[in-house]
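# Fold and contact review
Chain residues, written in single-letter form:
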Amino acid sequence: MILALAAACGGDQSPSLRATVVRPPHDTIYFAVPAVAHRCSDGGGEGGGRSLLVQGADEGGNGALVRLRYGDSLASGPVPLIALGDSITPRGANVAVRYMKGDVAHGFSLDSGAVDLRASGRRGDAALAARVRGSGLEGGVRVGAEVTYAGVPRPSATDSVPCRFQP
């Protein structure tokens with residue numbers, strides 16, 4: 001009874017990613033996985049160190065990631081989708097989704113849509129949330145996705161991974 005009450009009141013605030021992938025004509029895939037965020041660097045140059053990688057994945061092969069390039073500061077609000085490899089645009093997001101259908105892995109990057117970012121809190125309790133809606137091509141078929149991140153702690157200044165784009 002106490003656990004049910006805690007869940008109903010939002011007691012489970014573990015960082016998460018929830019996704020819905022719609023692949024015409026009949027496939028709809030849902031998954032929920034743990035999520036984390038890391039600062040990332042492309043190895044220097046313009047925008048180096050001003051990116052954030054928010055990702056979630058499970059052992060089964062389902063997952064999504066968002067690379068946010070945020071310029072001077074990470075602020076709440078809409079973030080435009082940008083093309084993979086775009087090194088000119090100072091602020092934007094790249095989004096990729098991977099999902100399993102049976103034993104077959106599928107994946108695509110979004111080429112249209114939007115990211116709505118919510119950055120809240122102060123040091124120690126700062127968290128990120130994002131809602132991603134969009135679509136991309138997978139095998140000549142336009143596939144839609146809605147991905148929601150919730151309660152993802154902001155990474156520390158020393159938590160960094162590489163995020164260089166390799167065509």
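Residues numbered from 1 in each chain as written. Predicted model: local features only at pLDDT ≥ 70, side-chain atom pairs only at ≥ 80, totals over all residues. Heavy atoms only, no water.

## Considering the overall build of the protein chain
Regarding its fold elements, the protein chain presents one helix and eleven strands. Traced from its N-terminal end to its C-terminal end, the protein chain shows the element sequence α-β-β-β-β-β-β-β-β-β-β-β. Per-residue burial over the protein chain gives 37% buried out of 167 residues. For the protein chain, the proportion of contacts with a sequence separation of at least 24, taken over those separated by at least 6, is 52%. (Helix = DSSP H or I, 4+ residues; strand = E, 2+ residues; numbered from the N terminus. Buried < 20%, exposed > 50% of the residue type's maximum accessible area, 1.4 Å probe, protein only. Contact = heavy atoms within 4.5 Å.)

## Some details on the nonpolar core
Within the largest apolar cluster, 34 residues are counted, with the highest numbers of intra-cluster contacts made by L17, F31, L68, L128 and Y149. Counting only elements with at least two residues in this core, the list comes to β1 (16-23), β2 (27-41), β3 (51-57), β4 (63-70), β6 (91-101), β8 (112-120), β9 (127-138) and β10 (141-153). Excluding residues that lie within four positions of it along the chain, Y149 makes contacts with S16, L17, A35, V54, Q55, G56, A64, L65, V66, A129 and A130. (Core = buried A, V, L, I, M, F, W, Y, C linked by side-chain atoms within 4.5 Å.)

## A few points about the side chain of E138
The residue E138 is located in strand β9 in this model. Side-chain polar atoms of E138 contact the side chain of R23, separated by 3.4 Å. Side chain to side chain, E138 and Y99 meet in a polar contact 2.7 Å long. Setting aside its immediate chain neighbours within four residues, E138 contacts R23, Y99, H106, G107, F108 and V143. (Polar contact = N/O pair within 3.5 Å; in protein donor to acceptor, adjacent residues only side chain to side chain.)

## Considerations on the pattern of salt bridges
Inspection of the entire model under this criterion finds five salt bridges. D111 is the salt-bridge partner of R142, the closest N and O atoms lying 2.8 Å from each other. Residue R142 is found in strand β10, and its partner D111 is found in the loop between β7 (104-109) and β8; the two are separated by 31 residues along the sequence. You can call R142 partly exposed: its relative accessible area is 39%. Note that R133 and E146 form a salt bridge whose closest N and O atoms lie 3.2 Å from each other. Taken as a pair, R133 in strand β9 and E146 in strand β10 lie far apart in primary sequence, 13 residues in all. Ionic contacts of the salt-bridge type, sharing partners, join the residues R131, R133 and E146 into one network. (Salt bridge = Lys/Arg side-chain N within 4 Å of Asp/Glu carboxyl O.)

## Considering the pairing of β8
Direction of pairing for strand β5 (residues 77-80) relative to β8: antiparallel, over a ladder of four bridges. Its bridge partner being in β8, P80 is matched across the sheet by A114. In this sheet, β9 lies alongside β8 in antiparallel orientation, the contact comprising nine bridges. In the strand pairing of β9, A119 is matched with L128. (Pairing = 2+ DSSP bridges.)

## Observations regarding the environment of V22
Its place among the elements puts V22 in strand β1. Once the C-alpha coordinates of V22 and A145 are considered, the two residues, 123 residues apart in sequence, prove to be 6.2 Å apart. Among residues more than four places away in sequence, those in contact with V22 are D27, T28, V143 and G144.

## Structural notes on the confidence of the model for the protein chain
For the protein chain, per-residue confidence averages 82 on the pLDDT scale, and residues scoring 70 or more make up 81% of the total. Model confidence for the protein chain, summarised as mean pLDDT per element, is weakest for helix α1 (residues 2-8) at 35 and strongest for β10 at 95. Here residues 1-12 is modelled with pLDDT under 50, and outside its nearest four sequence neighbours on either side it reaches two contacts, counting other chains as well. (pLDDT = per-residue confidence, 0-100.)

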